[in-house]
Amino acid sequence: NLTLLTEFVLSGLSSRPELQHLVFFTICLVYSMTLIGNLLICMLTVHPTLHTPMYFFLRVLSFLDISTATVVVPKMLINLLSEDRSISYLGCVTQLYCVVFLAATEWYLLAAMAYDRYVAVCSPLRYPAIMNTRACLSLVLLSCCSGKVVSVVQTAWVFTLSLCGPRRINYFFCDIPPLIMLSCTDTSLYERQLISATVLVIFTPFCLILLSYTCIISSILKISSAESRHKTFSTCSSHLTVVTLYCASGTLIYLQPKSSSSQDAKKILALIYTTVIPTLNPLIYSLRNKEVKEVLIRVM
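As named in an unreviewed UniProt entry, the protein is Olfactory receptor, taken from Pycnonotus jocosus. Per UniProt, the comment on the protein under Sequence similarities (unreviewed entry) is "Belongs to the G-protein coupled receptor 1 family." Its UniProt record, at the heading Subcellular location (unreviewed entry), says of the protein: "Cell membrane".

Caption draft 1: Representation of the side chain of Asp175 within the structure. If you trace the backbone, Asp175 turns up in the loop between strand E3 (168–169) and helix H6 (176–180). When sequence neighbours within four positions are dropped, the list of residues in contact with Asp175 reads Leu96, Ile253 and Tyr254.

Caption draft 2: The arrangement of the state of the cysteines in detail. Evaluated as defined, the whole model comprises one disulfide. Two residues, Cys92 and Cys174, share a disulfide whose sulfurs are 2.0 Å apart. Because the torsion about its S-S bond is -120°, the bridge between Cys92 and Cys174 counts as left-handed. Residue Cys92 is located in helix H3 (residues 89–122), and its partner Cys174 is located in the loop between E3 and H6; the two are separated by 82 residues in the primary sequence. Taking relative accessible area as the criterion, Cys92 reaches 0% and is therefore assigned buried.

Caption draft 3: Expanded view of the nonpolar core. Ranked by internal contacts, the top residues of the largest apolar core, which has 82 residues, are Phe8, Trp107, Leu110, Ile169, Ile176 and Leu179. In terms of residue count, the dominant contributor to this core is H3 (19 residues). With sequence-adjacent residues up to four places away left out, Trp107 is seen in contact with Val201, Ile202, Pro205, Phe206, Ile209, Val243, Tyr246, Cys247 and Tyr273.

Caption draft 4: Here's a closer look at the pattern of salt bridges. Tallying each qualifying case throughout the model produces one salt bridge. Between Asp116 and Arg117 there is a salt bridge, with the nearest N and O atoms lying 3.1 Å from each other.

Caption draft 5: Just the UniProt feature "transmembrane region" (unreviewed entry) in the protein, in detail. Residues annotated by UniProt as "transmembrane region" (unreviewed entry) correspond here to residues 22–44, 56–74, 94–115, 136–159, 195–221, 233–256 and 268–287. Here residues 22–44 runs as 100% helix and 0% strand, with 33 Å between its end C-alpha atoms. As annotated, residues 195–221 has a helix share of 96% and a strand share of 0%, and its two end C-alpha atoms lie 37 Å apart.

Caption draft 6: Representation of the pairing of strand E1 (residues 7–10) within the structure. For E1 and strand E2 (residues 86–88), the ladder comprises three bridges, and the chain directions are antiparallel. Paired with Val9 across the bridge in E2 is Ser86.

Caption draft 7: The sheet that holds E3, seen in detail. With mixed pairing, the three strands of this open sheet are ordered in space as E2-E1-E3. In this open sheet, the two edge strands, each paired with only one partner strand, are E2 and E3. H3 contacts E1, E2 and E3 of the sheet and is inclined by roughly 85° relative to E2.

Caption draft 8: Quick look at helix H2 (residues 53–81). Over its 29 residues, H2 runs 43 Å from end to end, which matches the ideal 42 Å to within 8%, given 1.5 Å per residue. Helix geometry: H2 is bent most strongly at Thr70, by close to 30°, with proline Pro74 lying one to four residues after it.

The rules behind the values
Residues numbered from 1 in each chain as written. Predicted model: local features only at pLDDT ≥ 70, side-chain atom pairs only at ≥ 80, totals over all residues. Heavy atoms only, no water. UniProt positions renumbered as here; feature names shortened; annotations may be inferred. Helix = DSSP H or I, 4+ residues; strand = E, 2+ residues; numbered from the N terminus. Contact = heavy atoms within 4.5 Å. Disulfide = S-S within 2.5 Å. Buried < 20%, exposed > 50% of the residue type's maximum accessible area, 1.4 Å probe, protein only. Core = buried A, V, L, I, M, F, W, Y, C linked by side-chain atoms within 4.5 Å. Salt bridge = Lys/Arg side-chain N within 4 Å of Asp/Glu carboxyl O. Pairing = 2+ DSSP bridges. Axes fitted to C-alpha atoms, helices over the stretch in contact; angles between N-to-C directions. Expected span 1.5 Å × (residues − 1). Bend = angle between axes of the 7 residues up to and from the residue.

Okay, here's the thing in structure tokens:
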């Protein structure tokens, strides 16, 4: 008596019709800022004075931010102005795969950026030898491969569940928590697996980042010049700010995957994770980084 789902309907951010146009223009503005800001970072970091590993990783991070927002936002904007909010089964699979891949890759990349800062501060004389072009490319490739493995496993596991519930997804894109709520079978095993994956993808890199910054802060405190200490800490604090934003929103979304009572709160957190944080990254790195501001002024 069960009917397998061939398409889904995304409920969106709000069910109130009078707010649809306001939400549309707000999200459209934020998405435009995301594209402009991250494309600007990508172009500025190509400048010869910024040919260092830190700015190479920052360029990759900006590309991932653009991709994350582009996977989610255009479909959301179309649904805000359309009565047909359906998404095909294959489209949902593709969107989930891309979101998980990009999110996991960003986390491993943030860990690579923390390692780069650790080497720069704690072993400055060996920095050019350790963080050469090959090492930087290897870290980015390793981040992408790890993200791909996580994405393939999670996507395959979600869509092997019997999704026979109502086809309406109480979300604005295909994500793991709202999808497993459609399952008509016991998902307790999968929920435990998802928590384990969250620990692996978020907390393992987070612990490595904390360890790196513990060593970095210890080295910073040994610097005699107050100006040098401030410059070094300013560079590292930008990265820590981004890590904190990602960690807070990501853990609150995935540690309670099947909690219907917090679904609206998860929508807001997911919106922050996929739309707001990609907009803030260029602002955090450019406004707090003297070298980037100098290149921007020079180019302008």
